[in-house]
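Structural features, examined
Spelled out from the first residue to the last, the chains are:
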Amino acid sequence: MNLPMEELAINSRRRFLSTCLGFLGAFLAGGFLYPVFSFLQPPARKKNGEIVKIPKADVPLGGMQRFHIRGIPATVINSQGTYAAFSLVCSHLGCLVTWDGAKDQFICPCHGAKFASDGHVISGPPPKGLEQLKVDVKEDEIWIS
Amino acid sequence: MDFVNILCTIFVASLWFSTPFSLHALEPAIRESESTCVSCHRDLEGMLSEPVRLWEKSIHHDMGNGCEGCHGGDKNDPAEAMSPQKGFVGVPSTDKIVDFCGKCHVGVSENFKKSVHFQASQTNLLQKKNTPTCVTCHRSHDIHKASLDLINESLCSTCHSFENPKRIKEAFASTELSLEHRKEDLNYLERRGMSVKKLKEKHFALRNTLHQLTHTFDVPEIQNKTHSVNEALQTTGNDLKVLHRNIHRRWWVGLGVACFLVIFIVVLVKLLKTYEDDAS
Amino acid sequence: MKKRLDQLKAWLKTSAPIPEEFFRKVSSEPVPHHLKRWWFCLGGTAAYLFLIQVITGLLLTFYYVPEPGHAYDSVYRITYEIPFGWVIRSIHKWSSHLFIIAVILHVFRVFFTGAYRKPRELNWMIGCGILFCVLTFGFTGYSLIYEQLSYWGATVAANLTQNVPLIGEYLARFMRGGDTVEENTLTRFFIFHIALLPLAITILLTIHITLIRLLGVTELRFEDDREHSTSHVPFFPNHFLRETIIASCIALVITFLVVFFPAGLGLPADPFVTPAHIKPEWYFYFTFRWLKISSLTVGVLGTGAAAALLVFWPFIDRKIEKHFPGKDISIWLGIIAIATLLVFTVWEALV
């Protein structure tokens, strides 16, 4: 039973309020989604400064010893008397490489990539070499960090 | 009809049957744990029932330490309850009291044995009978939570002047107070959702170093250590400030969200009103 | 822009040929005028809170580990380490309480307006099913935290089940997956809490709402409604807006509770030490008190009888009405029942 003018006023009022509601609702939704997205991004577990100690006797000439550092599988090799440590994670797609002492190189079982004893790519698809770890040779132990 | 009748009968019957059982089921946990020592001694005459009454109001009772905790024996078997084979000791002799309590209060008894109070008894400075032991200050059965009030003139001056005890009390008083305040603060932070597990552990360790110190009765040592505890309290105080700031930040964000919601509700109400005006 | 939108609409229409009529009919269902009172919207409020529970619960499962050795630690991690973990967990906690309050108040409202009477008896019974689901939700959810109180609460509840006549032994073993509360129990509670109960409650809710739609809500007319020319308003937008207002008010309350009283964490569960004061959540105080003042078998049977009484109330009520017409005996019985409920709850809360 509204008069035309009144109806017009109600309609424009309604449209204004709906627009306000839309904006506020969008803000509220954003305000809720932000915590949800951060919730799904867990903080990194800090494990810096971990040092793994391996006795020299465990790594003979041409041999290797596997270990875990910061939750990553890694290896220390003895290539012609010098010790070097690498992460075993292939830089291509994350498979674990194996050490071939006889050929003095790492081989990735997934896509056949080969790495030299200093970690450089010899052949295959990896974009870069194996991640090298810091090695500290003490009296009869190797400290890797 | 039958089915409804059965249901109603079951309900009424269950109410009816429950009454005779109600009393015995009321405090099952407490009744079960009462030892034979307590149930027997409670009804004995005079002096023999006194320990039960005193113990019931003590901190040992509140913390769940019964007769057998100190006196040994078997609390579940009336026949063997006071058998020396089961480690029962009725009244320990004066020189055994410190070890009697030291079974549990290890750190305290160690410090006490190094103290002038204990040494006095070893060097026969005092007659054996008058040697101060644990029970001299803490009493035997009505043991209450230890507080600085135990160091008071009337108690200390039964043997010596109050001069040194007073100094000890003063050294402790302020530190003890800040420790208490810190405890309250930590509890508050925990209630407001802050992680205080590590801080509480630290606080507990600090409190222990202080409390073990009490029984050395060594004035310079106590003054030194209370000072270092005070310093430690100040350094951890900064961690707490960060947590307080976190809580306040949460409050502000919460307030912001609330304001936003209020505006949202107001707009909703206005919008609804346009439709309701339409309908009427 | 508008053209693109129209194209999209046309495409949708051909790919999902649902007649527009259907949506219009579903959304504009006329709603009686008396529903503008908030206590007639409690069912909708509960549904909204259920939605919050689903969303926050789903998020919590991203980090929760249902294994005795890790459960407590994972809850600890959610509460104190994961960004906004405390918010999600606190929302889940507080809206669970509000959810139960809303459901209970909804039951009261339906009871006192006689909305369970013919032809709505079946829907009342389904509603009771939802109520039991909600209570089981609360119990299993609380046990998942694996702190001292939740562990011992689960132990006590399992031992209670043992006293159900005939099938008690089987029920208790089924609940625990063993003779004591152990890793099987936690896995079971977890599956109940996140899979079986949500499934059950979703099915029941669907039937509940469908039946409401088919039967319509009970028509009531209040004194001050008479002056309105129209007795019905459309569901959308009128009633929908009203429900949204209530939902926003609830969101305001939850915000307040979450910020000032975030969910905490007690001591981790220790199967060798029973804490001094075990108490269930407040919505079980009534049963807990009842069990304390009666013997075990009677207590369990009495609880079962009370539940049966609630479920079959529409039929019992009809008998009463037939024998004593127009005396409002049901209302008085309801008041007595609620008074008992309150007395038992307050009694337990004070002790």
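Because the structure is a prediction, the values reported are computed rather than measured.

Attention now moves to the overall build of chain B. Counting its secondary structure elements, chain B contains 14 helices and zero strands. Ordered by position in the sequence, the α and β elements of chain B form the string α-α-α-α-α-α-α-α-α-α-α-α-α-α. Split into buried and exposed, the 280 residues of chain B put 29% on the buried side. Relative to all contacts within chain B whose residues are 6 or more apart in sequence, the contacts with residues 24 or more apart total 58%. Accessible surface for chain B amounts to roughly 18,300 Å². Of this, 60% is attributable to carbon and sulfur atoms.

All names here are of chain B. Within the element layout of this structure, Cys 70 appears in helix H6 (residues 67-71). Taking the C-alpha atoms as reference, Cys 70 lies 8.7 Å from Cys 104; in sequence the two are 34 residues apart. When neighbours within four sequence positions are excluded, Cys 70 is seen to be in contact with His 60, Asn 65, Phe 100 and Lys 103.

What follows covers the sheet that holds strand S6 (residues 105-107) of chain A. Residues and elements named next belong to chain A. Read from one edge of the open sheet, four strands run S5-S6-S7-S8, paired in antiparallel fashion. Either end of the sheet is taken by a strand with one partner, and the two such strands are strand S5 (98-100) and strand S8 (121-123). Each strand of the sheet is rotated relative to its neighbour by a mean of 35 degrees, with strand direction disregarded. As paired strands, S5 and S6 are joined by three bridges and run antiparallel to one another. When the sheet's bridge partners are listed, Thr 98 is paired in S6 with Ile 107.

Attention now goes to the packing of aromatic side chains. Applying the stated criterion to the full structure yields 29 aromatic pairs over all chains. Every member of this aromatic cluster is reached through a ring pair, and the members are Phe 111, Phe 112, Tyr 116, Trp 124 and Trp 313 of chain C. The cationic tip of Arg 250 of chain B hangs over the ring face of Trp 86 of chain C; the distance from NZ or CZ to the ring centre is 3.5 Å.

Applying the stated criterion across every chain yields a total of one disulfide over all chains. Between the sulfur atoms of Cys 95 of chain A and its disulfide mate Cys 110 of chain A the distance is 1.9 Å. The S-S bond linking Cys 95 of chain A to Cys 110 of chain A shows a torsion near -90 degrees; that makes this disulfide left-handed. You can see Cys 95 of chain A sitting in the loop between strand S4 (82-87) and S5 and its partner Cys 110 of chain A sitting in the loop between S6 and strand S7 (114-116), a full 15 residues away along the chain. Here Cys 259 of chain B stays free of any disulfide, with the sulfur of Cys 249 of chain C as its closest cysteine sulfur at 14 Å. A residue is classified by how much of its surface remains accessible, and Cys 259 of chain B, at 44% relative accessible area, is partly exposed. Of all cysteine sulfurs, the one in Cys 41 of chain C lies closest to Cys 249 of chain C, which takes part in no disulfide; the gap is 11 Å. The class for Cys 249 of chain C is partly exposed, based on a relative accessible area of 33%.

This part takes up the pairing of strand S2 (residues 64-69) of chain A. Residue and element names in this part refer to chain A. Pairing between S2 and strand S3 (residues 72-79): six bridges, direction antiparallel. What sits directly across from Phe 67, in S3, is Ala 74. Turn length for the S2-S3 hairpin, with the two strands adjacent in sequence and antiparallel, is two residues, and the turn residue Arg 70 shows positive phi of about 50 degrees.

A low pLDDT score tells you not to read the predicted coordinates there in detail. On average, residues of chain C score 89 in pLDDT, and 97% of them are at 70 or above. Listed scores for the predicted complex are pTM 0.79 and ipTM 0.86.

Our next topic: the environment of Val 116 of chain B. All names here are of chain B. When you line up the elements, Val 116 lands in helix H9 (residues 116-122). For the pair Val 116 and Gln 212, spaced 96 residues apart in the sequence, the C-alpha separation amounts to 15 Å. Here Val 116 is in contact with Thr 216 and Phe 217, once residues within four sequence places are set aside.

Right, let's get into the interface of chain C and chain A. Taken residue by residue, the interface counts 14 residues in chain C and 11 residues in chain A. Between chain C and chain A, the buried area comes to about 1,100 Å², and carbon and sulfur atoms account for 80% of it. Here chain C and chain A share zero salt bridges between them. Our count for the contact surface shared by chain C and chain A stands at one residue pair in polar contact (both at pLDDT 80 or more). Within the residue set of the side of chain C that touches chain A, elements represented by two or more residues are helix H3 (42-61), helix H4 (68-80) and helix H5 (85-112) of chain C. For the side of chain C that touches chain A, a count of residues per class yields 11 nonpolar, one polar and two charged.

So, on to the environment of Leu 93 of chain A. All names here are of chain A. Within the fold, Leu 93 resides in the loop between S4 and S5. You can call Leu 93 exposed: its relative accessible area is 65%. Linking Leu 93 and Pro 126, residues 33 residues apart in sequence, is a C-alpha distance of 8.0 Å.

Moving on, we get to unusual backbone geometry. It is generally the case that most residues other than glycine have a negative phi and that most peptide bonds are trans. Cis peptide bonds are those with omega within 30 degrees of zero, and the linkage from Lys 118 of chain C to Pro 119 of chain C qualifies with 5 degrees. Tracing the backbone through its elements, the reader meets Pro 119 of chain C in the loop between H5 and helix H6 (121-144). The omega angle of the peptide bond from Phe 236 of chain C to Pro 237 of chain C is 5 degrees, so this bond is cis rather than trans. Its place among the elements puts Pro 237 of chain C in helix H10 (residues 235-260). For Arg 139 of chain B, which is not glycine, the phi dihedral falls at a positive 65 degrees. In this fold, Arg 139 of chain B is placed in the loop between helix H10 (134-138) and helix H11 (153-156).

Criteria and thresholds
- Residues numbered from 1 in each chain as written.
- Chains lettered and ligands numbered in written order.
- Predicted model: local features only at pLDDT ≥ 70, side-chain atom pairs only at ≥ 80, totals over all residues.
- Heavy atoms only, no water.
- Helix = DSSP H or I, 4+ residues; strand = E, 2+ residues; numbered from the N terminus.
- Buried < 20%, exposed > 50% of the residue type's maximum accessible area, 1.4 Å probe, protein only.
- Contact = heavy atoms within 4.5 Å.
- Areas by Shrake-Rupley, 256 points an atom, 1.4 Å probe, with all protein chains shown as cover.
- Pairing = 2+ DSSP bridges.
- Axes fitted to C-alpha atoms, helices over the stretch in contact; angles between N-to-C directions.
- Phe/Tyr/Trp six-rings, centres within 6.5 Å; stacked < 30°, edge-to-face > 60°.
- Lys NZ or Arg CZ within 6 Å of the ring centre and 35° of its normal.
- Disulfide = S-S within 2.5 Å.
- pLDDT = per-residue confidence, 0-100.
- Buried area = accessible area lost by both parts, 1.4 Å probe.
- Salt bridge = Lys/Arg side-chain N within 4 Å of Asp/Glu carboxyl O.
- Polar contact = N/O pair within 3.5 Å; in protein donor to acceptor, adjacent residues only side chain to side chain.
- Nonpolar A, V, L, I, M, F, W, Y, C, P; charged D, E, K, R; others polar.

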